[in-house]
Amino acid sequence: MHDLKKIKDEFLTKLKGKVNLSEINQIKSDLFGKNGLISSQFKKIGIIEVSKRKKFASDLNFLKDELQSLINLKIKELENIEINEKLEKEKIDITLPERPFVRGRIHPVSQTIDEISSIFSEIGFSVEEGPDVENEYNNFTALNTPDNHPARDMHDTFYLDEKKQKLLRTHTSPVQIRTMLKDKPPFKIIAPGRTYRSDSDQTHSPMFHQVEGLHIDTNINMGHLKGCLSYFIKEFFEVKKIKMRFRPSHFPFTEPSAEVDIGYEIKDGKIIIGEGDKWLEILGCGMVHPNVLRNVKVDPAKYQGYAFGIGIDRLAMLKYGINDLRAFFDCDYRWLNHFGFDPLDVPSNYRGLSR
Ligand code: DAH
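The sections below set out a description of the structure shown in this document.

### Structural notes on the pairing of strand S4 (residues 187–196)
Part 1: Extensive coverage of S4 is indicated by the burial of 8 of its 10 residues.
Part 2: The pairing of strand S1 (residues 126–127) with S4 spans 2 bridges and is parallel. Its bridge partner lying in S4, Ser126 is registered against Ile189.
Part 3: Inspection of the sheet shows S4 paired to strand S5 (residues 207–217) by 10 bridges, in the antiparallel sense. Note on S5: the bridge partner recorded for Gly193 is Gln210.

Written as structure tokens, this is what we have:
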């Protein structure tokens, strides 16, 4: 009979010591497993003296319940401790400022587009968009570039159908047409976006970016164009003084047309904008051709204005000292980490464009 008391005492001593979950499970199976201590006591009931049998059976059942509930309690307690330890380890302090965790960077082209939009919006331009897949009419014909016009060949167009009706836009100029067709003058818009030409080397990529500008009103002349562009270039390069040169050129959709060069020099391997005697071409522009206005039902006797098209990637390369255009589109995370911008620093004229 001493067995039951011994079993209980031994069990309690074990429980008082430091036990972990797997140990308590072991104790449980030592007691209640097929050949466990308690189980084997049950086998004794049949062979025990009849006079003692009843008490023994009842003591044994009592002990079994008692031990079982103690074990279950202990298991619960140990499981709780384990869960709490896990939670403690995985805890994130959501009150910490999020900046140290910011990993993404803004691509220099996106940054440049944001800067350009901010600069032009300061002087009343709104931002328009057009689709990358354009029709032939908006991309060429409406822009006074009819079939067989030599300018079409120069564009190395990606056509999307055999009839050459659909294409990847070769410039952002079709957004001029879309804007003027959907609204009434005056117009004062810029249209940044992707453009495509079948051309690829260190300074040309088959997909590149342009920003179009269009300003149409009743009294607009080339002086406005010049003022607008010189303001833009100064703001963009964050300099007080620039050198700018208008060279006569030809675009079917403007008359007269010009290309604009800015003066620069190289000091200690760095490009300095606004000084020196070297010239760099950065954009095309001109006064919108009367035929273009007629094509969009704007009366050229009453309205006139200027337009310009700037290569965005070129501007980004110049401003941020990036000398291979192809790196822009390599998706190299290390490159982006180096040349990219903080997502929380949205460029604006009054806070600074590119801090
Ligand atoms: N679309 C021309 C190009 O891609 C650039 C251009 C020149 C746009 C003169 C204009 C402009 O709006 O007036 O080569």
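### Considerations on the environment of Ser121
Part 1: Of note, Ser121 is situated in helix H5 (residues 108–122).
Part 2: Along the backbone, Ser121 and Ile190 are 69 residues apart, and their C-alpha atoms lie at a distance of 8.9 Å.
Part 3: At 2.9 Å, the side chain of Ser121 and the backbone oxygen of Ser118 are in polar contact.

### Section: a negative patch on the surface
Part 1: Where like charges cluster on the molecular surface, the negative patch consists of Asp153, Asp156, Asp199 and Asp201.
Part 2: Turning to its location among the elements, Asp201 is positioned in the loop between S4 and S5.

### Side note on the packing of helix H2 (residues 21–32) against helix H3 (residues 37–44)
Part 1: Contact geometry for H2 and H3: axes closest at 3 Å, N-to-C directions at 10 degrees. One element, H2, and the other, H3, form an angle in the roughly parallel class. Of H3, the residues touching H2 (which contributes Asp30, Leu31 and Phe32) are Leu37, Ile38 and Ser39.
Part 2: Broken down by class, the residue content of the contact of H2 with H3 amounts to 4 nonpolar, 1 polar and 1 charged.

### Examining the site of the ligand
Part 1: Around the ligand, a shell composed of 15 residues is seen, among which His171, Ser173, Arg197, Gln210 and Glu212 lie nearest.
Part 2: With respect to the ligand, the side chain of Arg197 contributes an N or O atom lying 2.9 Å from an oxygen atom.
Part 3: A distance of 3.1 Å separates an oxygen atom of the ligand from a polar backbone atom of Ala307.
Part 4: For the ligand, whose free accessible area comes to 360 Å², the fraction covered by protein is 91%.

### Brief notes about the nonpolar core
As a rule of thumb, nonpolar side chains are buried together in soluble globular proteins.
Part 1: Grouped together as the largest cluster of nonpolar side chains are 44 residues, with contacts concentrated most on Ile116, Phe232 and Phe308.
Part 2: When residues of this core are traced back to their parent elements, those giving at least two are H5, helix H9 (222–237), strand S7 (254–267), strand S9 (278–288), strand S10 (304–311) and helix H11 (312–320).
Part 3: Excluding residues that lie within four positions of it along the chain, Ile116 makes contacts with Ile190, Val211, Phe232, Phe236, Ile312 and Leu315.

What counts and how
- Residues numbered from 1 in each chain as written.
- Predicted model: local features only at pLDDT ≥ 70, side-chain atom pairs only at ≥ 80, totals over all residues.
- Heavy atoms only, no water.
- Buried < 20%, exposed > 50% of the residue type's maximum accessible area, 1.4 Å probe, protein only.
- Helix = DSSP H or I, 4+ residues; strand = E, 2+ residues; numbered from the N terminus.
- Pairing = 2+ DSSP bridges.
- Polar contact = N/O pair within 3.5 Å; in protein donor to acceptor, adjacent residues only side chain to side chain.
- Patch = residues over 30% accessible without salt bridge, like charges linked within 9 Å, V, L, I, M, F, W, Y side chains within 5 Å.
- Areas by Shrake-Rupley, 256 points an atom, 1.4 Å probe, with all protein chains shown as cover.
- Salt bridge = Lys/Arg side-chain N within 4 Å of Asp/Glu carboxyl O.
- Lys, Arg positive; Asp, Glu negative; His and termini not counted.
- Charge placed at Lys NZ, Arg CZ, Asp CG, Glu CD.
- Axes fitted to C-alpha atoms, helices over the stretch in contact; angles between N-to-C directions.
- Parallel < 35°, antiparallel > 145°, perpendicular 65-115°, else oblique.
- Contact = heavy atoms within 4.5 Å.
- Nonpolar A, V, L, I, M, F, W, Y, C, P; charged D, E, K, R; others polar.
- Near = heavy atom within 4 Å.
- Core = buried A, V, L, I, M, F, W, Y, C linked by side-chain atoms within 4.5 Å.

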